[in-house]
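Below are the chains, spelled out letter by letter.
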Amino acid sequence: MTQRMLLVNGPNLNLLGTREPATYGTDTLEDVIDLVQSTAADFGFEVRAVQSNHEGVLIDAIHAAREDCAAIIINPGAFTHTSIALRDALTGVDLPVAEVHLSNVHAREEFRHHSYISAVAECVIVGAGIQGYEFAVRRLARLLPKN
């Protein structure tokens, strides 16, 4: 049986490739999904990807992961700094979580320095561009039991 990872991307990540390329790079969300899928496949995982600008959609996807996913990779976007509800959803499903941010949030505005997600994540990867998603897959794959 193939295991699955849930890839969650929050608000404005649908604009990757065109939104502030000096900060977020020129890779698109499709590039992110392709990278995660190909890396996950190397470890025997499938990937279900969801992106939404709506918090409730992301929470519903996290809740659904409880049924058929082994881990979650999440870039919550701006919800990182505001959403206790996302944090509660992640703790509620009790799956290993990797938090990813394309830019180095600690080198940016002060309000970006705090994450509600980091304390419940197995790892936090910042400032590595889309390669951070690859690192997240590799880290989670090492933490999960082998099939």
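It should be noted that the structure appears before, not after, this text.
Parameters and conventions
- Residues numbered from 1 in each chain as written.
- Predicted model: local features only at pLDDT ≥ 70, side-chain atom pairs only at ≥ 80, totals over all residues.
- Heavy atoms only, no water.
- Core = buried A, V, L, I, M, F, W, Y, C linked by side-chain atoms within 4.5 Å.
- Buried < 20%, exposed > 50% of the residue type's maximum accessible area, 1.4 Å probe, protein only.
- Helix = DSSP H or I, 4+ residues; strand = E, 2+ residues; numbered from the N terminus.
- Contact = heavy atoms within 4.5 Å.
- Patch = residues over 30% accessible without salt bridge, like charges linked within 9 Å, V, L, I, M, F, W, Y side chains within 5 Å.
- Areas by Shrake-Rupley, 256 points an atom, 1.4 Å probe, with all protein chains shown as cover.
- Salt bridge = Lys/Arg side-chain N within 4 Å of Asp/Glu carboxyl O.
- Lys, Arg positive; Asp, Glu negative; His and termini not counted.
- Charge placed at Lys NZ, Arg CZ, Asp CG, Glu CD.
- Polar contact = N/O pair within 3.5 Å; in protein donor to acceptor, adjacent residues only side chain to side chain.
- Pairing = 2+ DSSP bridges.
- Axes fitted to C-alpha atoms, helices over the stretch in contact; angles between N-to-C directions.
- Parallel < 35°, antiparallel > 145°, perpendicular 65-115°, else oblique.
- Left-handed = near helix turned anticlockwise from the far one by under 90°.
- Nonpolar A, V, L, I, M, F, W, Y, C, P; charged D, E, K, R; others polar.

1. Quick notes on the nonpolar core
One broad trend across soluble globular proteins is that nonpolar side chains are buried collectively. In terms of nonpolar packing, the biggest core is built from 28 residues, with Met 5, Leu 7, Val 32, Val 36, Ile 73 and Tyr 133 touching the most fellow members. Taken together, the elements giving at least two residues each to this core come down to β1 (3-9), α2 (29-42), β2 (45-51), β3 (71-75), β4 (97-101), β5 (123-126) and α5 (131-143). In terms of residue count, the dominant contributor to this core is α2 (six residues). Not counting the four nearest positions on each side in its chain, Leu 7 is found in contact with Val 32, Ile 33, Val 36, Val 47, Arg 48, Ala 49, Val 50, Ile 73 and Tyr 133. Residues Val 50, Ile 62, Leu 86 and Leu 95 belong to the second largest nonpolar core, which totals 20 residues.

2. Considering a negative patch on the surface
On the surface, Asp 27, Glu 30, Asp 31 and Asp 34 cluster together into a negatively charged patch. Within the secondary structure, Asp 27 sits in the loop between α1 (21-24) and α2.

3. A closer look at the side chain of Asn 75
As for its placement among the helices and strands, Asn 75 is situated in strand β3. Here Tyr 133 takes part through its side chain, which lies 3.1 Å from a polar atom of the side chain of Asn 75. Apart from residues lying up to four places away in sequence, Asn 75 is in contact with Val 8, Asn 9, Gly 10, Leu 13, Val 100, His 101, Leu 102 and Tyr 133.

4. Digging into the sheet that holds β4
Read from one edge of the open sheet, five strands run β2-β1-β3-β4-β5, paired in parallel fashion. With one partner strand each, in any of the chains shown, β2 and β5 form the two edges of the open sheet. When strand polarity is set aside, the average angle formed by the axes of neighbouring strands in this sheet is 20°. In terms of strand pairing, β1 meets β3 through five bridges, oriented parallel. Looking at β3, one finds that Leu 7 is bridged to Ile 73.

5. Brief notes about the packing of α2 against α5
Two numbers describe how α2 lies on α5: the axes approach to 9 Å, and their chain directions differ by 25°. As judged from the angle between their axes, α2 and α5 are roughly parallel. You can see that α2 and α5 cross each other, and the crossing is right-handed. Along the contact surface, α2 presents Val 32, Leu 35, Val 36, Thr 39 and Ala 40, while α5 presents Gln 131, Tyr 133, Glu 134, Val 137 and Arg 138. Partitioning the contact of α2 with α5 into residue classes produces six nonpolar, two polar and two charged.

6. Here we look at the pairing of β5
The alternating pattern of β5 places Cys 123 and Ile 125 on a buried face and Val 124 and Val 126 on a face that is not buried. Bridging between β4 and β5 involves four bridges; their strand directions are parallel. Bridge assignment links Val 100 to a residue of β5, and that residue is Ile 125.

7. With respect to the environment of Ala 141
The topology assignment puts Ala 141 in helix α5. Sequence-distant contacts of Ala 141, defined by excluding residues within four places in its chain, comprise Met 5, Phe 43, Phe 45 and Lys 146.

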